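# Structure assessment
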Amino acid sequence: MKRSTVNSLASYIDALHPIIYINHFDSMVIDDAITQVGEGVKCLEFNNALGLVDFCTKSPMKECDLEQFLKLTMDDGFEKSTFLILRDIHGQLNEPKIIALLKKIAENNLYRDDYNETIFIISEIAVIPRELENYITMFDIPLPTIHEIHTMIGQFVNDLEITVEEEVMNDIALSFKGLNEFQIKQILNLAYQDGGCIDKEDKVLILKEKEQFIKKSGMLEIVAFSETIEDIGGLENMKQWLERKAKIFANLDKAIKFGVDIPKGMMIIGMPGCGKSLTAKATASLFQIPLVRLDVGRLLGKYVGESEENMRKALKLSEAISPCVLWIDEIEKAFSGVGGDGGGSDVTTRLFGQFLTWMQEKENTVFIVATANDISKMPAEFLRKGRFDELFFVDLPNGEERRKILEIHLKKRRKWNESIDSIALIQKTEGFNGADLEAVVKDTIETAFIDGKAEITTADLICSVEDTKSISSTLKDKILQIRETISKIDIKPASVSNKKKSGEKVK
Ligand code: ATP
């Protein structure tokens, strides 16, 4: 464990912080830290299954439940400096008697000169009862820095007496970012067992394993993508803006030294199926950084304070993986009704506040891409300039954009040919969104295959167009409502020729 982490733990104890909550799973790491700060201190450990156990050997000493344990040990602090180490007791932190006993010990520690007893609560789930909020200090064991990861790999290869090329070492160290010591060691062992060495190929294994750990944490999801900026038809304003930001991401160090502000992120609002998700993926590809998705619904926990803690962890994890694109899909659903009478619960209101503060203060290289359809119920604070670098409105594609989208999807399936009459198609597809156009292409190609045709003709495409119910016919009211809401806010059109396009009718 890093000296500075142990020092800051020691300073909390010296400053009489009575309850220290360590939200971590690796008991070896934590025991090591407590041992380092607890020289000469009496350490009494509680285990849910075994009662009082020996802190060093973990062997059972006295069978008891948590209440009995606390009663049994609460006066020890009068005789000798004592640490009470309570493991995995989060499920009991809603019991009035447990809360009362913890409070009593905490107060003694704070106010009585003849008493010295510090409580450590160690659990992967953070539960902070309101009554103890003022006594509890959350203590984070920071994830290893890139320098520390290098040292860990160095030690690993030295112990095994193998050599690793410098370039591979740098690459591997970078891909370990965001993982803790335990996870890194586990993956290194796996990689070594796999081939008896550590080489370039192991990067794939590391990424896969890393994905597993991040998945298991349940907070963020790494999204695999193959889409690039060339796969987006139209939306030229937004693409140009992204190209500019990509230049900053490609030269982050230089840009920051020059005085450029680190891009915070963008919000894309607009019609369903018009390329919002596609843009999130293309952004990560353009910036050449991973794409991670935050699902706010998944953060909601059953214990008091658990959801906020999950949000804190998810944001921290995104920072640890950074530079990355943090994609929040359908953000209006996650935070709808917050602060108003739209039905947002207290928890979502608190999560929203937490997210806003993080966004406001963030100086990291997490680039947020928030996407939304209907923002009529979104809290106004969210849309204020300064939160995001830019808000973009994605409307239904105009004629030229529809042509481009059809071309992209036909080319992707190797069925584009010069004889396809774009003008006729543009006219026939007014009111179609990108997803409708993709469906037309897929349908046409499938029919051509079944009919034994080698080429696609304009007539084939028009035939599918006529069989397709466009979004403008199925979601007419929703489209009008989105346009109405958008007209009231200061937002940039994602497309270049938006003015011309708005003349087109919603069919
Ligand atoms: P929703 O609001 O329903 O989530 P969305 O705006 O996120 O929709 P996407 O998932 O990006 O829509 O698009 C749906 C499909 O339509 C994608 O698979 C993509 O291939 C196609 N598509 C949409 N817009 C475009 C576009 N501008 N260029 C190329 N393809 C597009």
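Our structure is the block above this text.
Report on the accompanying structure.

About the criteria used
Residues numbered from 1 in each chain as written. Predicted model: local features only at pLDDT ≥ 70, side-chain atom pairs only at ≥ 80, totals over all residues. Heavy atoms only, no water. 1 Å grid on protein atoms, 1.4 Å probe; cavity = no way out; pocket = protein on both sides within 12 Å on 5 of 7 lines; lining within 4 Å. Points joined across faces, edges and corners; volume = space filled by probe spheres on them. Helix = DSSP H or I, 4+ residues; strand = E, 2+ residues; numbered from the N terminus. Nonpolar A, V, L, I, M, F, W, Y, C, P; charged D, E, K, R; others polar. Salt bridge = Lys/Arg side-chain N within 4 Å of Asp/Glu carboxyl O. Buried < 20%, exposed > 50% of the residue type's maximum accessible area, 1.4 Å probe, protein only. Pairing = 2+ DSSP bridges. Axes fitted to C-alpha atoms, helices over the stretch in contact; angles between N-to-C directions. Contact = heavy atoms within 4.5 Å.

### Topic: empty space enclosed by the protein
Under the counting rule described, the total for this entry stands at 2 cavities of 30 Å³ or more. Its boundaries defined by the atoms lining it, the second largest cavity holds a volume of some 40 Å³. Around the second largest cavity, the lining residues are Arg403, Leu406, Glu407, Leu410, Trp416, Ile420, Ser422 and Leu425. Among the secondary structure elements, those contributing two or more residues to the lining of the second largest cavity are α18 (399-412) and α19 (422-428). Among the elements that take part in the lining of the second largest cavity, α18 stands out by supplying 4 residues, more than any other. Looking at side-chain class alone, the lining of the second largest cavity contains 5 nonpolar, 1 polar and 2 charged residues.

### Quick look at the pattern of salt bridges
Summed over the entire model, instances satisfying the criterion amount to 25 salt bridges. A salt bridge links Lys58 to Glu45; its shortest N-O distance comes to 2.6 Å. With Lys58 in the loop between β3 (51-54) and β4 (60-62) and Glu45 in strand β2 (residues 42-47), this pair connects stretches of sequence that are 13 residues apart. Of the residues examined, Glu45 reaches a relative accessible area of 2% and is grouped as buried. Salt bridges sharing common partners tie together Glu400, Arg403, Lys404, Glu407 and Lys411.

### Observations regarding the sheet that holds β2
Taken together, the 7 strands give an open sheet; going across it, the order is β4-β3-β2-β5-β6-β1-β7, and neighbouring strands pair in mixed fashion. Whereas interior strands pair on both sides, the edge strands pair on one side only; in this sheet they are β4 and β7 (136-139). Adjacent strand axes in the sheet meet at a mean angle of 30 degrees, parallel and antiparallel pairs treated alike. As judged from the 2 bridges shared by β3 and β4, these two strands associate in the antiparallel manner. Paired with Val53 across the bridge in β4 is Pro60. Relative to the sheet, helix α3 (residues 66-73) contacts β2, β3, β4, β5 (82-87) and β6 (117-122), its axis offset from that of β5 by approximately 175 degrees.

Functional significance is not addressed by these values, which are geometric in nature.
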